[in-house]
Amino acid sequence: MKKIFLCLVVLTSLIAAEAPLGVNALSVEVRTLLSQEMLSIEASMQRIFSHIVAGEYEAITREASNIQNSFILKKELKASERKELHSKLSSAFIDLDRSFHETAGKLANAAEFDEKENVSKYYTQMTNKCVQCHSTYAKHRFEKFHD
Ligand code: HEC
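Residues numbered from 1 in each chain as written. Predicted model: local features only at pLDDT ≥ 70, side-chain atom pairs only at ≥ 80, totals over all residues.

Let's talk about the packing of helix α5 (residues 91–112) against helix α6 (residues 116–137)
Running from amino to carboxyl end, α5 crosses α6 at an angle of 165°, the nearest separation of the two axes being 9 Å. Overall, the two elements α5 and α6 adopt an arrangement that is roughly antiparallel. Crossing of α5 over α6 shows left-handed handedness. Contacts between α5 and α6 involve Phe 93, Leu 96, Ser 99, Phe 100, Thr 103, Ala 104, Lys 106, Leu 107, Ala 110 and Ala 111 from the former and Asn 118, Val 119, Tyr 122, Tyr 123, Gln 125, Met 126, Lys 129, Gln 132, Cys 133 and Tyr 137 from the latter. Residues that form the contact of α5 with α6 fall into these classes: 13 nonpolar, 5 polar and 2 charged. (Axes fitted to C-alpha atoms, helices over the stretch in contact; angles between N-to-C directions. Helix = DSSP H or I, 4+ residues; strand = E, 2+ residues; numbered from the N terminus. Parallel < 35°, antiparallel > 145°, perpendicular 65-115°, else oblique. Left-handed = near helix turned anticlockwise from the far one by under 90°. Contact = placed C-beta atoms within 7 Å. Nonpolar A, V, L, I, M, F, W, Y, C, P; charged D, E, K, R; others polar.)

Laid out in structure tokens, this is it:
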């Protein structure tokens, strides 16, 4: 019995060490930064949509570059906050965030060279990444995404 209990304790701590805690475990400061970044990204995506349909490519480049550089991990995070992000969020989350910001960079480039089709393509890819991340990691916030 004692052995089983011990096994359970070891197993639970192993799982705890493996499974990142997720967004809900972030400190108020870091979570506020994340939330601010999200709200500004959303507003920017809406402006980009208007610029796409108006053929305003310079404005798209500007907006998309801002999104690319707003990468929460690149921000002026204190070393302790950066550490917190990496310990509490899974590497899959961080990779998805990184890939989202890279796509913003591709959109900025495409717009710089007036590549209409690529502009639409990367805008759609970015939108898909919002959905992918929210439906995986932010179901607590976007309850319509369920399994
Ligand atoms: C890599 C993951 C990830 C990507 C990519 C992502 N989000 Fe989010 N987003 C989140 C998480 C996690 C939350 C919930 C944060 C929380 O609960 O504090 C969130 C919350 C939000 C919110 C609510 C913010 C608030 O405080 O009310 C908005 C709006 C939002 N995201 C917009 C977007 C848009 C628009 C995109 C794409 C252009 C996007 N997000 C891409 C992870 C992501």
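After that view, the rundown keeps rolling.
Details of unusual backbone geometry
Even without being a glycine, Asp 114 presents a positive backbone phi close to 55°. By the secondary structure assignment, Asp 114 is in the loop between α5 and α6.

Digging into the site of the ligand
Close to the ligand lie 21 residues; Ser 35, Met 38, Cys 130, Cys 133 and Ala 138 are nearest. Of all elements in the fold, only α2 (28–54), α5 and α6 reach the threshold of two or more residues within the shell around the ligand. Of the residues belonging to the shell around the ligand, the class tally is 14 nonpolar, 2 polar and 5 charged. (Near = placed C-beta within 6 Å.)

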